[in-house]
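# Architecture and fold: a report
Here's the letter readout for the chains.
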Amino acid sequence: AMRIDSSQNLDFNAGDSNYRVILRSGYASLVYGGLVINESGGSSSEHDFRVESDAVTSMFTVDASANRVAVGTASPDSLFHIESNGGTEATRMTITDTRTTVTDGMDIGEIVFETKDSGSAGNAARILAEGDGTGGEVRLSMNGGTGGSINSNQLVAASGGNVGIGIAAPLA
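About the criteria used
Residues numbered from 1 in each chain as written. Predicted model: local features only at pLDDT ≥ 70, side-chain atom pairs only at ≥ 80, totals over all residues. Heavy atoms only, no water. Phe/Tyr/Trp six-rings, centres within 6.5 Å; stacked < 30°, edge-to-face > 60°. Helix = DSSP H or I, 4+ residues; strand = E, 2+ residues; numbered from the N terminus. Buried < 20%, exposed > 50% of the residue type's maximum accessible area, 1.4 Å probe, protein only. Pairing = 2+ DSSP bridges. Salt bridge = Lys/Arg side-chain N within 4 Å of Asp/Glu carboxyl O. 1 Å grid on protein atoms, 1.4 Å probe; cavity = no way out; pocket = protein on both sides within 12 Å on 5 of 7 lines; lining within 4 Å. Points joined across faces, edges and corners; volume = space filled by probe spheres on them. Nonpolar A, V, L, I, M, F, W, Y, C, P; charged D, E, K, R; others polar. Axes fitted to C-alpha atoms, helices over the stretch in contact; angles between N-to-C directions.

Here the focus is the packing of aromatic side chains. If you walk through the whole model with that rule in mind, you get one aromatic pair. Between phenylalanine 49 and phenylalanine 60, the ring centres sit 6.5 Å apart and the planes meet at 75°, which makes this aromatic pair edge-to-face. Taken together, the residues phenylalanine 49 in strand S5 (residues 49–51) and phenylalanine 60 in strand S6 (residues 60–63) connect sequence positions eleven residues apart. Its relative accessible area of 32% is what places phenylalanine 60 among the partly exposed residues.

On to the pairing of strand S7 (residues 68–71). Two elements, S6 and S7, share four bridges in a ladder whose sense is antiparallel. Bridge pairing links threonine 61 to alanine 70 in S7. Linking S6 to S7, which pair antiparallel, is a turn of four residues; within it asparagine 67 sits at a positive phi near 55°. Bridge count between S7 and strand S8 (residues 80–82): three bridges; the pairing is parallel. The partner of valine 69 across the bridge, within S8, is phenylalanine 80.

Our next topic: the pattern of salt bridges. Inspection of every chain in the model, using the stated rule, returns seven salt bridges. Its salt-bridge partner being arginine 50, residue glutamate 52 comes within 2.6 Å of it at the nearest N-O pair. The exposed category is assigned to glutamate 52, whose relative accessible area is 52%. With a shortest N-O distance of 2.4 Å, aspartate 97 and arginine 99 are connected by a salt bridge.

Sheet faces and side chains relate simply in a regular strand, where the side chains alternate between the two faces. The pairing of strand S9 (residues 107–115) with strand S10 (residues 122–131) spans eight bridges and is classified as antiparallel. The partner of glutamate 114 across the bridge, within S10, is asparagine 123. In this structure, the hairpin formed by S9 and S10 is closed by a connection of six residues.

Bringing the layout of surface pockets into the picture now. If you add up the space inside the largest pocket, you get close to 180 Å³. Lining the largest pocket, in full, are Val56, Met59, Val71, Gly72, Ile82, Glu83, Ser84, Asn85, Glu89, Ala90, Thr91 and Arg92. The class makeup of the residues in the lining of the largest pocket is five nonpolar, four polar and three charged.

So, about the sheet that holds S8. Taken in spatial order, the four strands make up an open sheet running S5-S6-S7-S8, and their pairing is mixed. Edge strands, defined here as strands with exactly one partner in the open sheet, are S5 and S8. With direction set aside, neighbouring strand axes in the sheet form an average angle of 10°.

Rendered as structure tokens:
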């Protein structure tokens, strides 16, 4: 049950049915069954959040004042920013499908670009990896369109190396 108070607030109350944790240091940060940082809002309570690893000081960063999230950097340039540590590891993002059999046409992974445009909201473009046969082959396609309606097979790179425009199984 740990408790420090008189406005220095540290209250780990494991006996409480709400799994209560309260941490405050000049701003409100309350937790009831989860973790919330910067709950009180407003510019006076914008506090960055950072997680370190053995080799990277800013392995995971939430930049509260810029409303950005980063992996590998303390200074995200966009809403979500990934940066390598400059060592031997390349910057990459991995999407893993754990199914053990790839079948023709099966979606393996997808990055979707969505618009909130009032005239045509919805999925507007995508990069799709999908099964290209039954032997574990995978093709990659890039497709665009208007919100809510993505065209198929606009640019396809088949598993055998053939590239096509407007067809699912390019022959050249």
